[in-house]
Amino acid sequence: MFSSIAPLARLNPFYAPHFQLVQDGLRKRPEPAEAPSTRRSLAAASAAEEYSCEYGSLKFYALCGFGGVLSCGLTHTAVVPLDLVKCRMQVDPQKYKSIFNGFSVTVKEDGVRGLAKGWAPTFIGYSMQGLCKFGFYEVFKILYGNMLGEENAYLWRTSLYLAASASAEFFADIALAPMEAAKVRIQTQPGYANTLRQAVPKMFGEEGIWAFYKGVAPLWMRQIPYTMMKFACFERTVEALYKYVVPKPRSECSKGEQLVVTFVAGYIAGVFCAIVSHPADSVVSVLNKEKGSSASQVLMRLGFKGVWKGLFARIIMIGTLTALQWFIYDSVKVYFRLPRPPPPEMPESLKKKLGLTQ
């Protein structure tokens, strides 16, 4: 029974490292002799021959941040119409009863141009968020990996991805909060403001600087779990796809084939992201619309059923967004010839301890 259950358990991208070690030790699976021991050693060895910069250098972080700007800013702006309907369904479910009804009502009241409301704060806010999200993720992943050491970084790589992404998102949401608040006001309060230039001074005049940051705590509630799932699930899904689905090693795949794997893994991660973060997203939408309310008050008023309004729309939006974001981000890395280490392999020192070397 144990032998039949083990392969299924190993497919879970979050299975425990202890279980993994036991199975590797029992099955004595041979590892490729030329596989790199760490991502950093691979990048350092190949930087002079192939890459435009060294893994972990300032140029590397800067270009990763630029990739984040493009991946988040462009994709979120592209789905503004869907985001607008989703937000309106959350704050006024009696009027906007479904996705299609929401589009119909919006077009009747505001015309087709009304579907683009909030595009400016969306582009600016999510570009800043992408800069911090992806740039700081690479920083914290390397930082925490070095703190853990080579062997522990491999054994606890899922925890490493979770910690690095949570740390990055903490700062990313501070950058996003002002524009997110303005976006929600523009999209969900008819007659309040039609443009970012109208919304910002009006919000500041009514509530001061607090108007732009009162939603940062709910943003953390929404975005940190979302980002932890986005990065950890993506990393482990890529690892699983190359191990169980792709018929050849990553090193033998073309850049185009690798980007297809990136897109598929991104979409899978996006579906889970949407589910995990949706309740907090509902609270943020209502909170930014109302003056004088707190997150706890909004949560109690919405109730369990209310916080799941608009989930289907968000799954479509976030699944597509996440897949495109990872595709764009990885494409930027390919274009600028940045180090793109393969899925992690067990370090040679750990293989020796487990008696897996021949």
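Residues numbered from 1 in each chain as written. Predicted model: local features only at pLDDT ≥ 70, side-chain atom pairs only at ≥ 80, totals over all residues. Heavy atoms only, no water.

As for the UniProt feature "transmembrane region" (unreviewed entry) in the protein chain
In the numbering used here, UniProt assigns the "transmembrane region" (unreviewed entry) feature to residues 259-280 and 311-329. Secondary structure content for residues 259-280 is 100% helix and 0% strand, and the end C-alpha separation is 31 Å. The straight-line gap between the two end C-alpha atoms of residues 311-329 is 26 Å; of that span, 100% is helix and 0% is strand. (UniProt positions renumbered as here; feature names shortened; annotations may be inferred. Helix = DSSP H or I, 4+ residues; strand = E, 2+ residues; numbered from the N terminus.)

A few points about the pattern of salt bridges
A complete count under the given rule lists 18 salt bridges for this structure. Measuring nitrogen to oxygen at the nearest pair gives 2.7 Å for the salt bridge that ties D83 to K183. With D83 in helix α5 (residues 80-91) and K183 in helix α9 (residues 157-188), this pair connects stretches of sequence that are 100 residues apart. The two residues D83 and K183 agree in class, both being buried. For R185, the salt bridge identified is with E207, shortest N-O distance 2.6 Å. (Salt bridge = Lys/Arg side-chain N within 4 Å of Asp/Glu carboxyl O. Buried < 20%, exposed > 50% of the residue type's maximum accessible area, 1.4 Å probe, protein only.)

Description of the packing of aromatic side chains
We describe a pair of aromatic rings using the distance from one ring centre to the other and the angle between the two ring planes. Counted by the stated rule, this structure contains 19 aromatic pairs. Between the aromatic rings of F231 and W326, the centroid separation amounts to 5.0 Å while the plane-to-plane angle is 75 degrees, which identifies the pairing as edge-to-face. You can see F231 sitting in helix α12 (residues 216-245) and its partner W326 sitting in helix α15 (residues 311-335), a full 95 residues away along the chain. Each member of the pair F231 and W326 is classed as buried. (Phe/Tyr/Trp six-rings, centres within 6.5 Å; stacked < 30°, edge-to-face > 60°.)

Topic: the packing of α5 against α15
Between α5 and α15, the least distance of the axes is 10 Å, while the angle of their chain directions is 155 degrees. By the angle between their directions, the pair α5 and α15 is classed as roughly antiparallel. Seen from above, α5 lies across α15 with left-handed handedness. Residues L82, D83 and K86 of α5 form the contact with α15, whose own contacting residues are A313, R314, I316 and M317. Here the residues of the contact of α5 with α15 sort into four nonpolar, no polar and three charged. (Axes fitted to C-alpha atoms, helices over the stretch in contact; angles between N-to-C directions. Parallel < 35°, antiparallel > 145°, perpendicular 65-115°, else oblique. Left-handed = near helix turned anticlockwise from the far one by under 90°. Contact = heavy atoms within 4.5 Å. Nonpolar A, V, L, I, M, F, W, Y, C, P; charged D, E, K, R; others polar.)

A closer look at helix α7 (residues 119-148)
A rise of 1.5 Å per residue sets the reference length of α7, with its 30 residues, at 44 Å; its end C-alpha atoms lie 42 Å apart and thus fit the reference within 8%. Two residues or fewer past α7, G149 is found with a positive phi of approximately 95 degrees. (Expected span 1.5 Å × (residues − 1).)

Considerations on the side chain of R157
Following the sequence through the fold, R157 ends up in helix α9. Among the polar contacts listed, one links the side chain of R157 to the side chain of E239, at a separation of 2.8 Å. (Polar contact = N/O pair within 3.5 Å; in protein donor to acceptor, adjacent residues only side chain to side chain.)

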